[in-house]
Amino acid sequence: MPYQMDMSEEKAPKRLLSEGWKKFCIMNVKDTNDDGSPVISKSGNAMILITIEEQSTKYSEILYMVTEPKKRWALENLLESCGITPDKSADNQYIWEPQNLVGVEIQGLVVHEPN
């Protein structure tokens, strides 16, 4: 019996970036779904989706940044790489708007982890 499959939506797998320091640009920041509800992970954590693009290859990736207390270490690193630091006059809280990250250029270290 012959197979019959529509493969029009198949995509080649992404190629890995070479290891080392790379320049990235933040292309999009999404903190709500299309219906206005907050973005929530499968495990129930509120999060922000940040699309970054490597400047020389145009390779893009979505970063899933959890916004729950005691789980925000990756978001803190990203904000600081964008030049956003705790505001001493606001009890050392980070004060920022998601849309203000779009277009910001950052450096990131690409490291391949063994499977």
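Residues numbered from 1 in each chain as written. Predicted model: local features only at pLDDT ≥ 70, side-chain atom pairs only at ≥ 80, totals over all residues. Heavy atoms only, no water.

Asks: Any chance you could break down the nonpolar core for me, citing the residues and the numbers?
Replies: As a rule of thumb, nonpolar side chains are buried together in soluble globular proteins. If you look at the biggest cluster of nonpolar residues, it comprises 16 residues, and the most contacted ones within it are Phe24, Ile26, Val29, Ile50, Leu78, Cys82 and Leu101. Put simply, the parts of the chain that give this core at least two residues each are strand 1 (20-30), strand 2 (47-54), helix 1 (73-81) and strand 4 (105-110). With sequence-adjacent residues up to four places away left out, Cys82 is seen in contact with Ile26, Leu101, Val104 and Ile106. (Core = buried A, V, L, I, M, F, W, Y, C linked by side-chain atoms within 4.5 Å. Buried < 20%, exposed > 50% of the residue type's maximum accessible area, 1.4 Å probe, protein only. Helix = DSSP H or I, 4+ residues; strand = E, 2+ residues; numbered from the N terminus. Contact = heavy atoms within 4.5 Å.)

Asks: Residues and numbers for the sheet that holds strand 2, please.
Replies: Within the open sheet, the 4 strands sit side by side as 3-2-1-4. Their pairing is antiparallel. Edge positions in the sheet fall to strand 3 (60-66) and strand 4, since each has one partner strand and no second. The average undirected angle you get between the axes of adjacent strands in this sheet is 45 degrees. In terms of strand pairing, strand 1 meets strand 2 through 6 bridges, oriented antiparallel. (Pairing = 2+ DSSP bridges. Axes fitted to C-alpha atoms, helices over the stretch in contact; angles between N-to-C directions.)

Asks: An account of a nonpolar patch on the surface is needed here, citing residue identities and associated values.
Replies: A cluster of nonpolar side chains, namely Tyr3, Met5 and Met7, defines an oily patch on the protein surface of about 440 Å² accessible area. In this fold, Met7 is placed in the segment before strand 1. The exposed category is assigned to Met7, whose relative accessible area is 52%. (Patch = residues over 30% accessible without salt bridge, like charges linked within 9 Å, V, L, I, M, F, W, Y side chains within 5 Å. Areas by Shrake-Rupley, 256 points an atom, 1.4 Å probe, with all protein chains shown as cover. Salt bridge = Lys/Arg side-chain N within 4 Å of Asp/Glu carboxyl O.)

Asks: With reference to specific residues and values, describe the side chain of Ser41.
Replies: Relative to the assigned elements, Ser41 resides in the loop between strand 1 and strand 2. A relative accessible area of 16% places Ser41 in the buried class. Of note is the side chain of Ser41, whose polar atom sits 3.1 Å from the side chain of Ser43. (Polar contact = N/O pair within 3.5 Å; in protein donor to acceptor, adjacent residues only side chain to side chain.)

Asks: Which residues make up the pairing of strand 1, and what values go with them?
Replies: By the bridge criterion, 6 bridges tie strand 1 to strand 4 in an arrangement that is antiparallel. Considered in strand 4, the bridge of Cys25 is made with Glu105.

Asks: Residue-level account of unusual backbone geometry, with values.
Replies: A positive phi angle, close to 65 degrees, is found at Lys58, a residue other than glycine. In this structure, Lys58 sits in the loop between strand 2 and strand 3. Its identity as a non-glycine residue notwithstanding, Asn92 has a phi of 60 degrees, on the positive side. Relative to the helices and strands, Asn92 resides in the loop between helix 1 and strand 4. Since its relative accessible area comes to 48%, Asn92 is described here as partly exposed.

Treat this as a map of the structure, not an account of what it does.
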